[in-house]
Amino acid sequence: MKYDVAVIGAGVMGCSTALHLARAGMKVVLLDRGPICREASGVNAGTLTMQMTRAALIPYALRAYEMWLRMAEWCDGGHVLATACPGLSVAFTEQEAAMLEERARIRASAGAPIEIVSAARAREIEPGLSQHALLAGHCPMDGFASAYLTGRAFRPALLKAGVDLREDCVVRDVDPGFTLDTAAGRMDARRLVLAGGVWLGEMAGWLGVPLPIKTLINQLVVTERMEPVMRTVLGVASGLLSLKQYANGTVLIGGGWQGIGDNARGGIAVKPESFLGNVRLAAHAVPALREARVVRAWLGLEAETADALPAIGPIPGVADAWIIGSVHSGYTSGPYMGRILAQAILGEAPELPLFPIDRLLAKENAA
Amino acid sequence: MTSPLRIPGILRPAEISLTFEGETLRAPEGESLAAALLAAGKRHLGDGPHAPRGLLCMMGVCQQCLVRVEGRLVQACLTPVRDGMWVTAA
Amino acid sequence: MTVVWDIAVLGAGPAGMAAATEAAQRGAKVVLLEESPAPGGQVYRAPPPGFVMPTDADRRAGDGLRAALAASGAALRLGVRIWGVGGGPLVPAGDAPAPFRLDGLDAEGRPFDLTARTLLLCTGTQERIIPFPGWTLPGVMGLAAATILLKAQGMLPGRRVVVAGAGPLLYAVAAKLLKHGAAVAAVVDLASHGEWWRALPALSARPDLLARGAAWRAQLLLKGVPVHAGARIAAAEGVAVLEAVRLQKLQAGPERRIEADSLCIGHGLVPAIEASRAFRAQHRYEPGLGGWVPVLDAEFRSSVPGLLVAGDGAGLRGAAAAPASGRIAALAALRDLGLMSSITHAKACAPHKLDFAQAARAGGAMAAMMALRPALVAAIPPETLVCRCEGVTRAAIDAALDEGALSMNQLKQFSRCGMGPCQGRLCGEAAAELLARRVGGREAAGFATGRLPLRPVPMDALLGEFDYADIPVPAAAPI
């Protein structure tokens, strides 16, 4: 029995790709060495904002935003409590204000509806915002999701679409053609999609393709339920804060502060200095946060390519092999990236251009 | 120390006054706030999602004895009573 | 210049007190950290300052340990809340292990951190309560909780009390309630008469404990307190607070209703392994020791070099065994630090190892009686809350399991069970048992990833005063 396609990695990228391919009639096997959406896709901050999205990715993020908000419609009722709300990216110093204006301009020209507003206007939009704010970028269409629900949202839809979902099934190697050496034995597939997040480099190595992928160890912090203290998605000019309050009252603090970990061990420890810095920045932006107790800090691994742009497209030199991931704020645009890669795999022209990885391949060292 | 729950035959420091939800209570200084509230018949300390809260583990683990002291969230079982303490349900 | 301690001991119960005393007496630089304002832990919990209670065997034992500690030269940090642990193996890949680091809030609520070459965890246990209908009614409290209330606060939990659960604590609490004038409406013991008889041989290793237990039972008999063996609490009833309980034999049968204003119920003790999990030390599942325990060698070293675990937190063996285990661990640490020769070490260790073996035997029999009884979990009705912090019912957990959540982490993601401020301490055992039924046992079910903070920590205290310019913001994200 030969699958039409094997997708390795059941995060949002792999799930979306697998779902779209299965619905187009392909026989799909989706494998993950752990449970579905248990890595970055299940533990990220769930920020659906244009203001932390790279300019080049704004067109993709805008389309993905709609997909997240309407997930129940295309995912058999599955959803991640996606909530639309305004977003503010805040500057506290003159230098940050200058950065903010520049970045807002760039993102706006890429299609994001971002305007610069005064501190006073920002506080009208977000009464919880500190008096220290000088200026803010305002995007009326921002939002957030509960990332931890992502696996639960995708799983029934995948099964209903006939995807052979193999959780807790590590893939050890892939031979050309393709034969997968997995914990559940050998599997054969005509096509291959690598969707393994920070492990994409290792996966590409199975096919002899040298793809350097950097691993970021992102820290996240959540409070206990508290009274309403904010109603927008908040960030800062540098992109190093994400802040939102969920309907249940918990506040999630992120922004890419680095902890300790690696591909082999995962995220193993919070760095106290990063923890403190991140939480101080959050309290500086929303002073009422000081009233809360921190309940948990955790870590998620995020992939980054050399130019911090996605790795999405065919794998050079290996027919019928594709790669998707390393998008940077990939959760935001995840479902859409899976859709357009599926289009390419199905032989259609993808709605928006992919991000071929030829540019990223490490040069072979001279012998 | 008129509560029937306080075991006799124990020497306790002098009583102080505290308020819980506006009502004045008396308790020996240093007694745990959870115990003082229990002694005064105040067993319902607040509400969690779908259920009331009251003291459960007495050792700072269960988060069921949360109350506010001068607005600040504390675990009553870990908080000794002091004179003039202003306590509200959490 | 920052002090690097030789040994940091976390938890000043009998194991921690004895360990710190032993190490300090032998010249090591020892710091003992404790959340309560005074050393003692749960069993030997000191009453608040100014409270003077009639002394008993436990009080004398605790005072003895406290006195030795005070004279030993060990540094004490009381009233501290340790929220963070680090160092050891928690370093970037390729780095050598670092000294251990503890982050906490001091007695005044100010942040502090300290560094130690060795970390000895003596964090003891916490009580396990398996959910049942009405368990959230105010008036329902733990059995160990009732012990703390009685012994450390000099207070009765109610006027008409039902005492329920398993283990000797049941009878200790019931006897104490009677002694101090409360009515004990019933003792509801999960253990059958047969279980108690079978435990006798092991108990006879400690004739003093045996005698004490017999005395408790005699007092109950004298006062005509009904003792229901092999029975469980089917439900707690009441409108806003507890008013009555319903009990039922484990083998099913009619329910009996008993009026009460207090239910003291405990289903055993579980080692507190938050810190050892945070270090990614190896653990194993041992029901007779309370459940998940760190994997330890004969001298209480964990799988992480420099990290040792002693006392009930290393596995339930009772308060009598705890000081010996603390001393054995302390001596092992001194040996490993090069502060003791192997000859001196062997000689010093020998008597404590004998003490430990003897005390552990009786303690072990009791622990077996307090082991989790899966029938209690099976009996949880669908609409009963399991996770109180997040309002997650049994039905919601079952639904999550049905939808493919087959590990503790995934169960958490799918249901939110364990995401609240108790950090899974109240719901974890029941949730793990429900998962275990689907995946073939507790080992397969595992436990959720150990993370910081070890306890909820107030943001306010953590942040302190700071200037915006102080915040070390990393390089901006790419545009």
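Note that the structure is predicted; figures quoted are calculated from it, not measured. (Residues numbered from 1 in each chain as written. Chains lettered and ligands numbered in written order. Predicted model: local features only at pLDDT ≥ 70, side-chain atom pairs only at ≥ 80, totals over all residues.)

Undergrad: How should the overall build of chain A be read in this particular structure?
TA: What chain A contains, in helices and strands, is ten helices and 18 strands. In terms of overall dimensions, chain A is globule-like: its C-alpha atoms have a radius of gyration of 20 Å, near the 21 Å expected for 367 residues. Along the first, second and third principal axes, the C-alpha atoms of chain A reach 65 × 45 × 40 Å. Out of the 367 residues belonging to chain A, those deemed buried represent 59%. Look at the contacts in chain A between residues 6 or more apart in sequence, and 73% of them connect residues 24 or more apart. (Helix = DSSP H or I, 4+ residues; strand = E, 2+ residues; numbered from the N terminus. Rg over C-alpha atoms; globule rule 2.2 N^0.38 Å. Buried ≥ 20, exposed ≤ 12 C-beta atoms within 10 Å, placed from the backbone. Contact = placed C-beta atoms within 7 Å.)

Undergrad: How should I be thinking about the domain arrangement of chain A in this particular structure?
TA: A common way to report how large an interface is uses the accessible area buried once the components associate. All names here are of chain A. The domains assigned to chain A are domain 1 (2-42 + 149-212 + 307-360) and domain 2 (85-141 + 214-304). Using only C-alpha atoms to locate each centre, domain 1 and domain 2 end up separated by 30 Å. Listed per partner, the contact involves ten residues of domain 1 and seven residues of domain 2. Split by residue class, the side of domain 1 that touches domain 2 holds five nonpolar, four polar and one charged. (Domains from an automatic or database assignment. Nonpolar A, V, L, I, M, F, W, Y, C, P; charged D, E, K, R; others polar.)

Undergrad: Looking at this model, I keep getting lost on the packing of helix α3 (residues 58-69) of chain A against helix α10 (residues 330-345) of chain A. Mind explaining?
TA: Describing two packed helices takes the angle between their axes plus the distance from one axis to the other. Residue and element names in this part refer to chain A. Relative orientation of the contacting elements α3 and α10 amounts to 90 degrees, with a least axis distance of 7 Å. By the angle class used here, α3 and α10 are roughly perpendicular. Facing Y60, A61, R63, A64, M67 and W68 of α3, the residues of α10 in contact are T332, S333, G334, P335, Y336 and M337. The residue inventory of the contact of α3 with α10, partitioned by class, reads eight nonpolar, three polar and one charged. (Axes fitted to C-alpha atoms, helices over the stretch in contact; angles between N-to-C directions. Parallel < 35°, antiparallel > 145°, perpendicular 65-115°, else oblique.)

Undergrad: Please explain unusual backbone geometry as it appears in this structure.
TA: Most of the time, phi is negative for any residue but glycine, and the peptide bond is trans. Omega for the peptide link from G177 of chain A to F178 of chain A comes to 0 degrees, which places this bond in the cis form. Within the secondary structure, F178 of chain A sits in the loop between β7 (171-175) and β8 (179-182). A cis geometry characterises the amide bond from L452 of chain C onward to P453 of chain C, with omega recorded as -5 degrees. Turning to its location among the elements, P453 of chain C is positioned in the loop between α14 (442-445) and β22 (457-458). Here the phi dihedral of H50 of chain B falls at roughly 70 degrees; this positive angle occurs in a residue that is not glycine. Tracing the chain through its elements places H50 of chain B in the loop between β3 (46-48) and β4 (51-53). Of note, A252 of chain C is a non-glycine position whose phi angle comes to about 70 degrees, a positive value. Structurally, the position occupied by A252 of chain C is in the loop between β13 (244-249) and β14 (256-259).

Undergrad: Whenever I open this one, the nonpolar core confuses me. Can you help?
TA: A general trend in soluble globular proteins is that nonpolar side chains are found buried together. Core analysis: the biggest nonpolar cluster contains 327 residues, and A6 of chain A together with A8 and L120 of chain C have the highest contact counts within it. For this core, the element with the highest residue contribution is helix α9 (residues 342-369) of chain C, accounting for ten residues. Ignoring any residue separated from it by four or fewer positions in sequence, one finds A6 of chain A in contact with V29, L31, F178, L180, M187, A189 and L192 of chain A. (Core = buried A, V, L, I, M, F, W, Y, C linked by C-beta atoms within 7 Å.)

Undergrad: I keep staring at the interface of chain C and chain A and nothing clicks. Help me out?
TA: Tallying the contact residues gives 39 residues for chain C and 48 residues for chain A. Going through the elements one at a time, β4 (81-88), α12 (408-415), β22 and α15 (459-463) of chain C are the ones with two or more residues in the side of chain C that touches chain A. Taken together, the residues of the side of chain C that touches chain A break down into 25 nonpolar, nine polar and five charged. Where strand β16 (residues 293-304) of chain A and β22 of chain C come together, two bridges link them in antiparallel fashion. Following the sheet pairing, V294 of chain A is matched in β22 of chain C by V457 of chain C. (Pairing = 2+ DSSP bridges.)

Undergrad: What should I look at first to understand the interface of chain B and chain C in this one?
TA: Between chain B and chain C, the residue contacts involve 34 residues of the former and 36 residues of the latter. Taken together, the elements giving at least two residues each to the side of chain B that touches chain C come down to α1 (33-39) and β4 of chain B. Tallying contributions element by element places α1 of chain B first for the side of chain B that touches chain C, with three residues. A breakdown of the residues in the side of chain B that touches chain C according to their chemical character gives 20 nonpolar, ten polar and four charged.

Undergrad: I'm lost on the pairing of strand β17 (residues 311-314) of chain A in this one. Help?
TA: In regular strands, side chains alternate between the two faces of the sheet. Bridging between β17 of chain A and strand β18 (residues 321-325) of chain A involves four bridges; their strand directions are antiparallel. By the bridge assignment, P314 of chain A is partnered in β18 of chain A with W322 of chain A.

Undergrad: Sorry, what's going on with the packing of helix α1 (residues 14-25) of chain C against helix α2 (residues 57-72) of chain C here?
TA: Residues and elements named next belong to chain C. Between α1 and α2, the least distance of the axes is 9 Å, while the angle of their chain directions is 30 degrees. Looking at the two axes, α1 sits roughly parallel to α2. The hand of the α1/α2 crossing is left-handed. Contacts between α1 and α2 pair P14, M17, A18, A20, T21, A24 and Q25 from the former with L65, R66, A68, L69 and S72 from the latter. Residue classes in the contact of α1 with α2 are distributed as eight nonpolar, three polar and one charged. (Left-handed = near helix turned anticlockwise from the far one by under 90°.)

Undergrad: Can you help me understand the sheet that holds strand β15 (residues 262-266) of chain C in this one?
TA: Residue and element names in this part refer to chain C. Read from one edge to the other, the open sheet built from five strands follows the order β8-β15-β9-β10-β11, with strand pairing classed as parallel. Whereas interior strands pair on both sides, the edge strands pair on one side only; in this sheet they are β8 (140-142) and β11 (227-229). When the angles between neighbouring strand axes are averaged without regard to direction, this sheet yields 20 degrees. Here β8 runs beside β15; their pairing, made up of three bridges, is parallel. When the sheet's bridge partners are listed, G142 is paired in β15 with I265. The strands touched by helix α3 (residues 143-153) are β8, β9 (160-165) and β15; relative to β8, the strand with the most contacts, the crossing angle is about 85 degrees. Strand contacts of helix α4 (residues 169-179): β9, β10 (183-189) and β15, with the helix running at about 175 degrees to β10, the strand carrying the most contacts.

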